[in-house]
Amino acid sequence: MIKLQNLSMSYPIEQSQLKVLDDAELSVADGETVAIVGPSGSGKTTLLILLAGLEQPRSGEITLDGITLNPLDADSLADIRRDKLGIIFQSFHLVQSLTALGNVALPLEIAGKENARERAYQMLDKVGLAQRQNHYPAQLSGGEQQRVAIARALVHAPKLVLADEPTGNLDVATGAIIIDLLFQLNADVGSTLVLVTHDDEVARRCQRVVHLQQGKLIEDRDHAISA
Ligand code: ADP
Ligand code: MG
């Protein structure tokens, strides 16, 4: 599902470059669950942004589901996101002029799917927000907005789910529900899951744990043995 080769990324700072990814390599098979762990500032969000095709790497190659992203233009990358990806970012990026239901239905409507609003309602129900379907983002708490964003990311049962600390804004009980949803989707439709997390317990539920260290992705072999 994912193949990263010699992936490097840096950001300009002052007179020099901050190297965030340095020849990182990763292969993830269809349907695998992989936790990405590493200290704050190690480049986890950067990695997901590149995987989502939202920025170009400085060098290296990203292949998703057999498609190499590097040569694609913005429209083609947007098509791939719409068709294959569910992205849960730390900031929610909800459409402020749409209700919770409207936000969750949006990816289905854009893709021309039938029963968009019914399916959106069912997904909102799964994240515990059925009663809030007609509320606008500004009327929801941070945790509720995060749950809407998660429902929107999962509503079309994407092949690949990219989640950036998805429970960071949630209380423990709601966080557990969300994590269960991610793994349930993996079990039900075989979606591949790449999950950035600070939570060891959540990481342990993934089949693989990969550490982001000094710009490299390093497989946690101990985890593989114990799993
Ligand atoms: P993490 O998600 O692991 O906390 P990030 O990928 O957000 O790490 O950031 C990695 C490093 O790159 C940090 O030092 C951060 O300050 C820096 N960084 C991230 N995005 C940018 C940007 N757009 N411009 C400059 N520096 C950035
Ligand atoms: Mg981050």
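Residues numbered from 1 in each chain as written. Chains lettered and ligands numbered in written order. Predicted model: local features only at pLDDT ≥ 70, side-chain atom pairs only at ≥ 80, totals over all residues. Heavy atoms only, no water.

Q: Can you lay out the packing of helix 3 (residues 100–110) against helix 4 (residues 116–126) for me, pointing to particular residues and giving the numbers?
A: For any two helices packed against each other, the geometry is given by the interaxial angle and the distance between the axes. Between helix 3 and helix 4, whose axes approach to 8 Å, the crossing angle comes to 125°. With respect to helix 4, the axis of helix 3 lies oblique. For the pair helix 3 and helix 4, the sense of crossing is right-handed. Between helix 3, through Ala100, Leu101, Gly102, Val104, Ala105, Leu108 and Glu109, and helix 4, the contact on the second element is made entirely by Ala116, Arg117, Arg119, Ala120, Tyr121, Met123 and Leu124. Of the residues assigned to the contact of helix 3 with helix 4, the class counts are ten nonpolar, one polar and three charged. (Axes fitted to C-alpha atoms, helices over the stretch in contact; angles between N-to-C directions. Helix = DSSP H or I, 4+ residues; strand = E, 2+ residues; numbered from the N terminus. Parallel < 35°, antiparallel > 145°, perpendicular 65-115°, else oblique. Left-handed = near helix turned anticlockwise from the far one by under 90°. Contact = heavy atoms within 4.5 Å. Nonpolar A, V, L, I, M, F, W, Y, C, P; charged D, E, K, R; others polar.)

Q: Go over the environment of Arg208, please, and point to the residues and values.
A: Structurally, Arg208 is set in strand 9 (residues 208–213). Through-space distance from the C-alpha of Arg208 to that of Val34 is 4.7 Å; in sequence the pair is 174 residues apart. Once residues within four sequence positions are removed from consideration, Arg208 is found in contact with Leu26, Ser27, Val28, Glu32, Thr33, Val34, Ala35, Glu219 and His223. Here the side chain of Arg208 touches Glu32 through a polar contact of 2.8 Å, side chain to side chain. Of the polar contacts made by the side chain of Arg208, one reaches the side chain of Glu219; its length is 2.8 Å. (Polar contact = N/O pair within 3.5 Å; in protein donor to acceptor, adjacent residues only side chain to side chain.)

Q: Outline helix 1 (residues 44–51), listing residues and values.
A: Counting buried positions along helix 1 yields seven of eight residues, so the element is predominantly enclosed. Of all the positions in helix 1, only Lys44, Thr46, Leu47, Leu48, Ile49, Leu50 and Leu51 are classed as buried. Phi for Gly53, located one or two positions after helix 1, is positive at around 70°. (Buried < 20%, exposed > 50% of the residue type's maximum accessible area, 1.4 Å probe, protein only.)

Q: Summarise the packing of helix 3 against helix 5 (residues 142–154); cite the residues concerned and give the values.
A: Viewed as axis vectors pointing N to C, helix 3 and helix 5 meet at an angle of 25°, and their least axial separation amounts to 7 Å. Regarding the angle of helix 3 to helix 5, the classification is roughly parallel. Crossing geometry of helix 3 relative to helix 5 is assigned as right-handed. Residues Ala100, Asn103, Val104 and Pro107 of helix 3 pack against Val148, Ala151 and Arg152 of helix 5. Each residue belonging to the contact of helix 3 with helix 5 can be placed in one class, and the counts come to five nonpolar, one polar and one charged.

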